[in-house]
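In case you want the letters, here they are:
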Amino acid sequence: MAKRRIGVLISGRGSNLAALIEAARQPDYPAEIALVVSNRPEAKGLARAAEAGIATAVVEHKRFPDRRAFEEELERTLAASGVEILCLAGFMRIFTPWFVERWVGRMLNIHPSLLPAFRGVDTHRQALAAGVLIHGCTVHFVTPELDAGPIIAQAAVRVVPGDTEETLAARVLAEEHRLYPLALRMVCEGKVRLDGEVVHHRLTWQGDDTLFAPP
Ligand code: GRF
């Protein structure tokens, strides 16, 4: 089966991008990273992509009079590379419904919490303040409402005594790096499909389905 052409949108560090690049190196992975786009020219992830021999582009939002003009240029850039599926990986812009509708069922985001808990920013601080014992990350389809799209996959970590935002963030990030490639694989292989506002999974569950914290 032909590999799906993926566009990854970043604004910064790009560690999730690196995880996707690494996964896409496997011969049996159903996707290839066709293009990495940043809205910030200084994003470190651009160098990671270039080192891996992947095409990069900068579409700087500040250069456009409004969101729509920025998105139209982004759309042209993605179309020129034949991008079929978009992965947001630390992309710090909110899209208009116009853009989201063009990519419905084909745009994924990774968020560092177990949604629908802790939307927005500072999710690890929010989790510690709420006193949850299980935290984690979510890959979801993007809808116009921020961090509210239908869920594709989640990974959980325990919150342990003495955790700080940094220690918790590091454990969640390690799970993000496992989860995003897995979720993208599922979408590319048609194992998950967006149907209106519902995600249908075609999977066989394996193993223990209970998470306990504390263990
Ligand atoms: C990750 O924690 C991701 O969940 C959030 O932004 C962060 C991006 O990190 N959306 P990186 O740029 O992938 O290292």
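Residues numbered from 1 in each chain as written. Predicted model: local features only at pLDDT ≥ 70, side-chain atom pairs only at ≥ 80, totals over all residues. Heavy atoms only, no water.

Structural notes on the domain arrangement of the protein chain
As a reminder, the rule being used: Source of the domain bounds: an automatic or database domain assignment. Between two residues, a contact is recorded if the distance between any of their heavy atoms is within 4.5 Å. Values labelled buried area give the accessible surface lost by two parts on being combined, using a 1.4 Å probe and summing over both. The rule for a salt bridge is simple: a side-chain nitrogen of Lys or Arg has to be within 4 Å of a carboxyl oxygen of Asp or Glu.
Looking at the assigned domains, one finds that the protein chain contains domain 1 (1-103) and domain 2 (109-200). For domain 1 and domain 2, the distance between their C-alpha centroids amounts to 20 Å. Residue-level contacts link 21 residues of domain 1 with 16 residues of domain 2. Between domain 1 and domain 2 the total buried area reaches about 1700 Å² when both faces are included, carbon and sulfur atoms providing 69% of it. Where domain 1 packs against domain 2, one counts 1 salt bridge.

Structural notes on unusual backbone geometry
Selection criterion: The way it works is that DSSP assigns letters per residue, a run of H or I at least four long becomes a helix, a run of E at least two long becomes a strand, and they are numbered from the N terminus.
The omega torsion of the bond from L115 to P116 falls at 10 degrees, within 30 degrees of zero and hence cis. Mapping P116 onto the fold places it in the loop between β5 (107-111) and α5 (123-130). In this chain, A213 is followed by P214 through a cis amide linkage whose omega measures -5 degrees. Positive phi outside glycine occurs at F118, with the angle close to 60 degrees. Position of F118 among the secondary structure elements: in the loop between β5 and α5. The phi torsion at D122 lies on the positive side, around 55 degrees, for a residue other than glycine. Position of D122 among the secondary structure elements: in the loop between β5 and α5.

A word on the site of the ligand
Put simply, the test is: We call a residue near a molecule or strand whenever a single non-hydrogen atom of that residue lies within 4 Å of it. In the analysis that follows, any N or O atom pair within 3.5 Å is treated as a polar contact, provided that within protein one partner can donate a hydrogen and the other can accept it, and provided that, for residues neighboring in sequence, both atoms belong to side chains. Calculation of accessible area relied on Shrake-Rupley with a 1.4 Å probe; when residues are assessed, cover is drawn exclusively from the protein chains displayed. Basically, the charged four are Asp, Glu, Lys and Arg, the nonpolar ten are Ala, Val, Leu, Ile, Met, Phe, Trp, Tyr, Cys and Pro, and anything else, Gly included, counts as polar.
Around the ligand, a shell composed of R13, G14, S15, N16, G90, I110, H111, P112 and E176 is seen. Within the contact set of the ligand, an oxygen atom lies 2.8 Å away from a backbone nitrogen or oxygen of N16. Alone, the ligand offers 370 Å² of accessible surface; in the complex the protein occludes 85% of this. Broken down by secondary-structure element, the contributors of at least two residues to the shell around the ligand are α1 (15-24) and β5. Among the residues making up the shell around the ligand, the classes are represented as 2 nonpolar, 5 polar and 2 charged. Among the domains, domain 1 (1-103) and domain 2 (109-200) are the pair contributing at least three residues each to the shell around the ligand.

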